[in-house]
Amino acid sequence: MFWAIMGGKARACDLALVLAVDVSGSVDRDEYRIQMDGLAAGLRDGIVAEALVDAQAMVTLVQWTGSSRQQQTLPWARMSNFAAVDSFAAQIAQDARVWRNYSTAIGEALTVGRTLLADMAHCKRRVIDLSGDGVSNEGTEPPRVHSALNADGITANALAIETDETDLTAYFFENVITGDGAFVETATGFEDYPEAIRRKLQRETRKATAQNTAPMRPIPTSFE
């Protein structure tokens, strides 16, 4: 059921993507809304939408915070055409927040992503797209999950939302990302999140490598 018929030919899934959004206590109501609206807009970006459809990608959404508080809030959906991308983006924009006042358990978020991707073994590339505004302070340390992710051939990328002097980008680079072509994108505060997630999705869906560290030039074309 994960095949698409296009031009009379069956096409398999080239990408399974877990979108993991931080809803820990450090994220206020307005910042949550910036993330969800920005993520929806990023999926509708012309380059991203075309790449998702071309890959017949499977995409799901996870909200994550402290230990034992990670939830798949939108089930797997196939990006079979542009209407499917637009529909999924609309669902993200409307997705209600599950938690508000808990810690940051990045290791558990990665583990949940791995569990969900176990059902997507038919996809050629499996990726966790994790964004957050703080270091892990509860539960399993993220590096302890890396060996399991690597064994499964899963790549974990990260978007660091810099809000203080922590140098979260360096922390994510050293502790969170792993796998083939893994990279960290940086948002200089929540106000920069929409543009940063768009850059990240462009790079992720086009399978850029970790060595290609220069950010892509912003492209104004959007998917309508």
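Residues numbered from 1 in each chain as written. Predicted model: local features only at pLDDT ≥ 70, side-chain atom pairs only at ≥ 80, totals over all residues. Heavy atoms only, no water.

K.L.:
Help me out: how do you make sense of the pattern of salt bridges in this one?
P.N.:
When their charged atoms lie close together, side chains carrying opposite charge are able to pair. For the structure on display, the rule yields nine salt bridges. Residue D45 pairs with R198 through a salt bridge whose shortest N-O separation is 2.9 Å. Pair noted here: D45 is in the loop between α1 (29-44) and α2 (46-54) and R198 is in helix α7 (residues 193-205), with a separation of 153 residues, a long-range link. On the accessibility criterion, D45 (1% relative accessible area) is buried. By relative accessible area, R198 is classed as buried at 13%. Bridged by salt links that share partners, the residues D45, E195 and R198 form one connected network. (Salt bridge = Lys/Arg side-chain N within 4 Å of Asp/Glu carboxyl O. Helix = DSSP H or I, 4+ residues; strand = E, 2+ residues; numbered from the N terminus. Buried < 20%, exposed > 50% of the residue type's maximum accessible area, 1.4 Å probe, protein only.)

K.L.:
Would you explain helix α6 (residues 168-175) in this entry?
P.N.:
Side chains of residues three or four places apart in an α-helix project in the same direction, reflecting 3.6 residues per turn. By the burial criterion, the buried members of α6 are L168, T169, Y171, F172 and N175. End-on view of α6: buried residues confined to an arc of 165 degrees, all on one side of the axis. Exposed positions of α6 whose direction lies more than 90 degrees from the buried face are F173 and E174. Looking at the buried side of α6, the elements it contacts are α4 (106-117), β6 (125-132), α5 (143-151), β7 (154-161) and β8 (184-187). (Arc of directions from axis to C-beta. Contact = heavy atoms within 4.5 Å.)

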